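# Examining the three-dimensional arrangement
The primary structure of each chain is shown beneath.
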Amino acid sequence: MRPFLLLFLLFPVLELFVFVKVSGAIGFFPALLLVILGSMLGVFVLRIAGLATALRARESLSRGELPAQTMLEGLMLALGGGLLILPGFISDVLGLVLLLPFTRRLLANKMRQRAEDQAMRQRAFADDLQPRGGPAPREPVGREPNVIEGEFEHRDTK
């Protein structure tokens, strides 16, 4: 948790440092305009990405496929758009990297693989917790369950 706290505190300082360096190289107003344009691009991406992801997920479901890859790529698009909205050049560069199809697919594949591995580890651990003989059967093996056949008649007691 401490590395995240350190990153949370250090990130705005780094963003400010980079902004000062860029504004010194190209001027304050052009640097400010770039930050504003990056934020506008982020808002645009978030609006379009949500709709596009929902449509692609719907198409995947209609084909009978699970839309896991589509949903992860949509998450990457949303994260990229969110990073573009944040003021600063570092977050803009990271957001643009997430918007590139190659890196988006690569990261989505890595996340999906990690989730599958985690699910396998949890499943293996859950199997270890069960008794060695497996779950106890409800009825003794070789016997039929007790079934009582009959009829009934519904009577009102008014």
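Residues numbered from 1 in each chain as written. Predicted model: local features only at pLDDT ≥ 70, side-chain atom pairs only at ≥ 80, totals over all residues. Heavy atoms only, no water.

You'll find the chain entered in an unreviewed UniProt entry as Membrane protein FxsA, with Pseudomonas canavaninivorans given as the organism.

## Brief notes about the overall build of the chain
Quick note on the threshold: Think of it this way: any DSSP run of H or I at least four residues long counts as a helix, any run of E at least two long counts as a strand, and we number them from the N terminus. Throughout this description, buried means an accessible area under 20% of the type-specific maximum (1.4 Å probe, protein chains only), exposed means over 50%, and partly exposed covers the range between. Residues are treated as being in contact if the distance between any of their heavy atoms lies within 4.5 Å.
Looking only at helices and strands, the chain has 5 helices and 0 strands in total. In the chain, the succession of helices and strands from N to C terminus is α-α-α-α-α. In the chain, buried positions account for 22% of the 158 residues. Long-range pairs, those at least 24 residues apart, make up 57% of the contacts in the chain with a sequence separation of at least 6.

## Let's talk about a nonpolar patch on the surface
Worth spelling out the cut-off: Note on patches: the residues involved have over 30% relative accessible area and no salt bridge, like charges join within 9 Å, and the nonpolar side chains Val, Leu, Ile, Met, Phe, Trp and Tyr join within 5 Å. All accessible areas in this document rest on Shrake-Rupley with a 1.4 Å probe, and a residue is counted as covered only by the protein chains that are shown. Salt bridges are defined by distance alone: a side-chain nitrogen of Lys or Arg within 4 Å of a carboxyl oxygen of Asp or Glu.
Judged by side-chain polarity, Phe28, Phe29, Leu32, Leu33, Ile36, Leu37 and Met40 come together as a nonpolar surface patch covering roughly 710 Å² of accessible area. The residue Phe29 is located in helix H2 (residues 28–62) in this model.

## Some points on the packing of helix H3 (residues 68–85) against helix H4 (residues 89–99)
This is how the line gets drawn: What counts as an axis is a line fitted to C-alpha atoms, over the stretch in contact for a helix, and the angles between N-to-C directions run from 0 to 180 degrees. Put simply, angles under 35 degrees are roughly parallel, angles over 145 are roughly antiparallel, angles from 65 to 115 are roughly perpendicular, and the rest are oblique. Left-handed is the label given to a crossing in which the near helix is rotated counterclockwise from the far helix by less than a right angle, and right-handed is the label when the rotation is clockwise. Amino acid classes used here: Ala, Val, Leu, Ile, Met, Phe, Trp, Tyr, Cys and Pro are nonpolar; Asp, Glu, Lys and Arg are charged; the rest, including Gly, are polar.
Running from N to C, H3 and H4 cross one another at 160°; their axes reach a closest spacing of 7 Å. One finds that H3 runs roughly antiparallel with respect to H4. Like other packed secondary-structure pairs, H3 and H4 cross with a definite hand, here left-handed. Contacts between H3 and H4 involve Met76, Leu77, Leu79, Gly80, Gly81, Leu83 and Leu84 from the first element and Ser91, Asp92, Leu94, Gly95, Leu96, Leu98 and Leu99 from the second. Partitioning the contact of H3 with H4 into residue classes produces 9 nonpolar, 4 polar and 1 charged.

## Structural notes on the UniProt feature "transmembrane region" (unreviewed entry) in the chain
To be explicit about the condition: UniProt positions are given in the numbering used here, feature names are shortened, and annotations may be inferred rather than shown by experiment.
Under the present numbering, the feature "transmembrane region" (unreviewed entry) in UniProt falls on residues 34–55 and 75–102. Taken end to end, residues 34–55 has its terminal C-alpha atoms 31 Å apart, with 100% of it in helix and 0% in strand. For residues 75–102, helix accounts for 86% and strand for 0%, while the C-alpha atoms at its two ends are 15 Å apart.

## Here we look at the packing of helix H1 (residues 2–26) against H4
In contact at an axis separation of 7 Å, H1 and H4 are set at 100° when each is read in the N-to-C sense. When the axis of H1 is compared with that of H4, the two are roughly perpendicular. Across from Phe11, Leu14, Glu15, Val18, Phe19 and Val22 in H1, the residues of H4 making contact are Phe89, Ile90 and Ser91. Partitioned by chemical class, the residues of the contact of H1 with H4 number 7 nonpolar, 1 polar and 1 charged.

## Remarks on the nonpolar core
Which entries qualify depends on this criterion: The set of buried Ala, Val, Leu, Ile, Met, Phe, Trp, Tyr and Cys residues whose side-chain atoms join them within 4.5 Å is what this entry labels a nonpolar core.
Counting 5 residues, the largest nonpolar core is built from Val45, Ala49, Leu77, Leu84 and Leu99. For this core, the elements supplying multiple residues, two or more each, are H2 and H3. Each residue touching Leu84, except ones within four places of it in the same chain, is listed here: Gly38, Ser39, Leu41, Gly42, Ser91, Asp92, Gly95, Leu96 and Leu99.

## Some words on the layout of surface pockets
With a probe scaled to a water molecule rolled over the atoms, the places where space remains empty come into view. The condition that has to hold: Using a 1 Å grid laid over the protein atoms alone, points where a 1.4 Å probe fits but cannot get out form a cavity; open sets with protein on both sides within 12 Å along at least 5 of 7 lines form a pocket; any residue with an atom within 4 Å of a point counts as lining. Grid points are joined across faces, edges and corners, and a volume is the space filled by probe spheres set on the points.
What the largest pocket holds in volume is close to 150 Å³. What lines the largest pocket is Phe11, Pro12, Glu15, Leu16, Phe19, Val35, Leu86, Pro87 and Gly88. Split into classes, the residues belonging to the lining of the largest pocket amount to 7 nonpolar, 1 polar and 1 charged.

## What to know about the packing of aromatic side chains
Put simply, the rule reads: Aromatic rings from Phe, Tyr and Trp, taking only the six-membered ring of Trp, are treated as a pair when their centres fall within 6.5 Å; an angle between ring planes under 30 degrees marks them as stacked, one over 60 as edge-to-face, and anything in between as tilted.
Overall, the coordinates contain 3 aromatic pairs when judged by the stated rule. Arranged with centres 6.1 Å apart and planes meeting at 15°, the rings of Phe19 and Phe89 form a pair that is stacked. Pair noted here: Phe19 is in helix H1 and Phe89 is in helix H4, with a separation of 70 residues, a long-range link. The burial state of Phe19 is the same as that of Phe89; both residues are buried.

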